[in-house]
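What follows is the residue order along each chain.
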Amino acid sequence: MIIRERFAQLLQELNKGVYEKETELSLSLLTAIAGENVLLLGPPGVAKSMIARRLKCAFQDAKGFEYLMSRFSTPDEIFGPVSISLLKEQDRYERNVRGYLPDSDVVFLDEIWKAGPAIQNSLLTVMNEKLFRNGDRELHLPLKLLIGASNELPTEGEGLEALWDRFLVRIVSTCIQDEQTFYEMLLDSRNQQAALVHVSSPITNKEYEEWQQEIDKVGCAPEVLQILTLIRKGLHAIEVPETNLNHDVYVSDRRWKKILHLLKTSAFIHGRDKVEVVDLYPCWHCLWSDPVEQDKIRELVMKSLFAQFITRQEKLREAIVEDLKLVSVRYCLEHAARTNDHRNDGIVRYDSCYYHLLNHGVGNTFIFLVDFHNMREYRRQDTPLQGIIYKDPQQSKRTIIRVYNGQDLSDIEVLDKVSLYRINKNLYINGVPYPMEEVAFNEPIPSMDPKSIKRPAFHDYEKEVEQFIQDLSVFTFSLKDNLLLSDMDKKHLEIESQALRKKTAHLRVDIEKIRFTEE
């Protein structure tokens, strides 16, 4: 059985009789294979301890250890009592670790932040190096996974930062959200959530050791590093929803190193020899420090995954918009020539497409030539046109005025909405006249010949759009094929993909305008 099928079968068996715990189980199993630690944050009664019991079943002959921490817990209760016989007979201070944490493969420590300093200090080495100092000996632990649980974040100022950082994967575990699933849980007569499950092909210790060697050999695609850079930069300005303020989410270098190791483990269990972009989405569980950051960080990771398509779509949109401007101006000038309309003669054109308004703002306001030309002379009984003022996306210091005809404004920064009308060579904005910049008195009047506007270079935009949609669909499918994704994760990815498809579909309207105008 190939590794992907093996992992999928393990997840299926671990999830039997469990409701809405796919994320906890899948990421905990991945983390166990990677040899890291998981924190489950959530209220009592949401099956946090069950996760540890189930994970123990994934490993052959695995030993488990569970303990509910309190401020009165002692190291003896976690790491084993001191051997009185060795202390008396051989003067050796050594713990009897059998049946305690140092002897276990899967450990569950509830209310982890209530551990005292002596326990915390030992846990740091246990979690990071898998080592425990027992008297004068250093024990290499069989520990595969340590799960910490709490219903609260560690209290600031109590020295818990190092312990908190040791939990690579952090999951908020909640009650069942879907109502139908809730009913199914209520009516399920089985008690499988509390019981151990049968796993047909558990992971042996030999396999586990071999897998560690194989994981170390997994490479990393260059585009993955580029996306990690996007995510890392984005974390410096995460908006906190409750305050609408940006703050820097700190992720240590050690943590980034461990995240990449986790991604290598993901690639390995999917049967790949290097980390690909499709492995990245679940890493958002490793980046948040406060639950309020979760949604924004998940969104950042998702946007970074689709960054190549966002950039590609934007370039396509810019090219189509520029070509549409050119064909619109040509059509406008050709119409002016046919109708002997000389109203625009002598007005200076900028970038072939714009007229410059004098005395407006700081002197950097322009109106689209076609909009100004198509305005008929205003009469008192006429209703002014609606207009918008926005920043030029290509030139941030330039402000553009356009007639508003219900076009999509989601991609532009609208500064103001105004009323517009024209009298001769003046544009009236909210009733105030602004003249267009004309050529100097002693300069020749530029020709309004449409031949002065170059035809756009030929592009088969329809074909480019179809290819974009096809590539996006293939990419989205590959992302959703990740075994570690929950149904909700897949839903979020599909929503992002659909938003990109919708924006691309809007481009077809402009493509049709280009074709119609050229014909």
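Let me begin by describing the structure that accompanies this report. (Residues numbered from 1 in each chain as written. Predicted model: local features only at pLDDT ≥ 70, side-chain atom pairs only at ≥ 80, totals over all residues. Heavy atoms only, no water.)

### Some details on the state of the cysteines
Following the criterion strictly, the structure yields zero disulfides and no others. The cysteine Cys-286 is free of any disulfide, with Cys-283 supplying the nearest cysteine sulfur at 6.4 Å. According to the relative accessible area criterion, Cys-286 is buried, its value standing at 1%. With no disulfide of its own, Cys-353 lies 11 Å from the sulfur of Cys-332, the closest cysteine sulfur. (Disulfide = S-S within 2.5 Å. Buried < 20%, exposed > 50% of the residue type's maximum accessible area, 1.4 Å probe, protein only.)

### Looking at the packing of helix H12 (residues 294-305) against helix H13 (residues 307-339)
At a minimum axis distance of 4 Å, the contact between H12 and H13 shows a crossing angle of 60°. Taken together, the axis directions place H12 and H13 in an arrangement best described as oblique. In contact with Lys-303, Ser-304 and Leu-305 of H12, H13 contributes Ala-307, Gln-308 and Ile-310. (Axes fitted to C-alpha atoms, helices over the stretch in contact; angles between N-to-C directions. Helix = DSSP H or I, 4+ residues; strand = E, 2+ residues; numbered from the N terminus. Parallel < 35°, antiparallel > 145°, perpendicular 65-115°, else oblique. Contact = heavy atoms within 4.5 Å.)

### What to know about the sheet that holds strand E16 (residues 399-403)
Across the sheet, eight strands lie side by side as E12-E13-E14-E16-E15-E17-E18-E19; this open sheet has mixed pairing. Among the strands making up the open sheet, the edge pair consists of strand E12 (349-350) and strand E19 (432-435). Taken together, the four bridges between strand E18 (residues 426-429) and E19 define a ladder with antiparallel strand orientation. Across the sheet, the residue bridging to Tyr-428 is Pro-433, located in E19. (Pairing = 2+ DSSP bridges.)

### So, the packing of helix H10 (residues 222-234) against H12
Orientation of H10 relative to H12, taken along the N-to-C sense of each, is 145°, at an axis distance of 9 Å. Of the two elements, H10 crosses H12, and the hand of that crossing is right-handed. Mapping the contact onto sequence places Ile-227, Leu-230, Ile-231 and Gly-234 in H10 and Leu-300, Val-301, Ser-304 and Leu-305 in H12. (Left-handed = near helix turned anticlockwise from the far one by under 90°.)

### Topic: the sheet that holds strand E7 (residues 169-172)
Either a parallel or an antiparallel arrangement is found when strands of a sheet pair, and the pairing is made through backbone hydrogen bonds. With parallel pairing, five strands are arranged side by side in an open sheet as E2-E3-E6-E1-E7. Every interior strand has two partners, whereas the edge strands, strand E2 (64-68) and E7, have only one. Between one strand and the next, the sheet's axes are offset by a mean angle of 15°, whatever the strand orientation. Taken together, the five bridges between E2 and strand E3 (residues 106-110) define a ladder with parallel strand orientation. Bridge pairing links Gly-64 to Val-106 in E3. The strands touched by helix H3 (residues 48-57) are strand E1 (37-41), E2, E3 and strand E6 (145-150); relative to E3, the strand with the most contacts, the crossing angle is about 170°.

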